[in-house]
Amino acid sequence: MTRAQSGNRPAFDTLIQMAALHGAPDNPAACPIRDVLDRVGQKWTLLILIALTPGPRRFSALQRQVGDISKRMLTQSLRQLERDGLISRQVYPTKPPSVEYALTELGQSALDPIAVLTDWADRNHDRIRAARTAFDATA
């Protein structure tokens with residue numbers, strides 16, 4: 001085990017303990033891990049949270065920064081993240097009304113694990129693409 005791997009061991013041990021404690025619940029909707037990871041695992045969630053890292057953003061700025069997300073999907077994703085307490089929505093009384101979205105304290109607390117995941121994805125992207133190519137060649 002490398003030093004980097006041993007540094008990740010407590011987090012891994014926590015995952016093992018949680019799996020042992022929670023197991024596969026009779027009702028998957030009652031599983032707290034699945035409940036949270038379902039949201040975090042959605043296509044646009046991480047990109048939106050990352051886009052809000054520097055500070056509050058208006059809807060149009062978020063749409064430009066995230067990229068190929070439709071207005072409808074961005075609206076739906078923002079509502080879900082606000083409902084989960086990860087972002088806040090501030091409406092300013094201008095004509096037309098101006099709206100800004102920002103990370104909440106809970107959303108800020110998600111940035112460290114997101115940074116670890118995005119770093120892992122960046123470091124392993126070439127390996128994953130090569131594995132896909134090899135797999136597709138045998139299929």
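What counts and how
- Residues numbered from 1 in each chain as written.
- Predicted model: local features only at pLDDT ≥ 70, side-chain atom pairs only at ≥ 80, totals over all residues.
- Heavy atoms only, no water.
- Helix = DSSP H or I, 4+ residues; strand = E, 2+ residues; numbered from the N terminus.
- Buried < 20%, exposed > 50% of the residue type's maximum accessible area, 1.4 Å probe, protein only.
- Contact = heavy atoms within 4.5 Å.
- Areas by Shrake-Rupley, 256 points an atom, 1.4 Å probe, with all protein chains shown as cover.
- pLDDT = per-residue confidence, 0-100.
- Pairing = 2+ DSSP bridges.
- Salt bridge = Lys/Arg side-chain N within 4 Å of Asp/Glu carboxyl O.
- Core = buried A, V, L, I, M, F, W, Y, C linked by side-chain atoms within 4.5 Å.

Let's talk about the overall build of the protein chain
Argument step 1. For the protein chain, the count of helices and strands is 7 helices and 3 strands.
Argument step 2. Along the protein chain, helices and strands appear, N-terminal first, in the series α-α-α-β-α-α-β-β-α-α.
Argument step 3. The 139 residues of the protein chain split such that 22% are buried.
Argument step 4. Across the protein chain, every contact between residues at least 6 apart in sequence was considered, and the portion connecting residues at least 24 apart equals 40%.
Argument step 5. Split by element, the accessible area of the protein chain, about 10400 Å² in all, is 56% carbon and sulfur.

Some points on the confidence of the model for the protein chain
Argument step 1. Scored by pLDDT, the protein chain has a mean of 85; 79% of the residues are at 70 or more.
Argument step 2. Note that pLDDT drops below 50 for residues 1–6; the model gives that stretch 2 contacts with residues more than four away or on any other chain.

Topic: the sheet that holds strand S3 (residues 98–103)
Argument step 1. Ordered by their spatial adjacency, 3 strands build an open sheet running S1-S3-S2, and the pairing between neighbours is antiparallel. Among the strands making up the open sheet, the edge pair consists of strand S1 (57–58) and strand S2 (87–92).
Argument step 2. As judged from the 2 bridges shared by S1 and S3, these two strands associate in the antiparallel manner. Residue pairing in the sheet places arginine 57 in a bridge with tyrosine 101 of S3.

Looking at the pattern of salt bridges
Side-chain pairing between opposite charges can occur once the charged atoms of the two side chains come close.
Argument step 1. Counting across every chain of the model gives 1 salt bridge.
Argument step 2. Measuring nitrogen to oxygen at the nearest pair gives 3.0 Å for the salt bridge that ties arginine 123 to aspartate 119. Highlighted residues: arginine 123 and aspartate 119, both in helix H7 (residues 111–138), separated by 4 residues, approximately one helical turn.
Argument step 3. Of the residues examined, arginine 123 reaches a relative accessible area of 54% and is grouped as exposed.

Let's talk about the nonpolar core
Argument step 1. Core analysis: the biggest nonpolar cluster contains 20 residues, and Ile48, Leu49, Leu52, Leu62, Leu78, Ile87 and Tyr101 have the highest contact counts within it.
Argument step 2. The set of elements that each furnish at least two residues to this core consists of helix H3 (45–51), helix H4 (59–66), helix H5 (71–83), S3 and H7.
Argument step 3. For this core, the element with the most residues is H3, which contributes 4 residues.
Argument step 4. The residues touching leucine 62, leaving out its near neighbours within four places in the chain, are Ile48, Ala51, Leu52, Arg57, Leu74, Leu78 and Tyr101.

Details of the pairing of S2
Argument step 1. In this sheet, S3 lies alongside S2 in antiparallel orientation, the contact comprising 6 bridges. Residue pairing for S3: valine 91 is matched across the bridge by valine 99.
Argument step 2. Connecting S2 to the antiparallel partner S3 that follows it, the hairpin turn spans 5 residues.

So, the side chain of serine 77
Argument step 1. For serine 77, the location among the structural elements is in helix H5.
Argument step 2. When residues no more than four places from it in sequence are discounted, the contact partners of serine 77 are Trp44 and Ile48.

Let's talk about the environment of tryptophan 44
Argument step 1. Along the chain, tryptophan 44 falls in the loop between helix H2 (32–40) and H3.
Argument step 2. Under the relative-accessibility criterion, tryptophan 44 is labelled buried at 10%.
Argument step 3. Once the C-alpha coordinates of tryptophan 44 and valine 66 are considered, the two residues, 22 residues apart in sequence, prove to be 8.1 Å apart.
Argument step 4. The contacts of tryptophan 44, once residues within four sequence positions are left out, are Val66, Asp68, Ile69, Met73 and Ser77.

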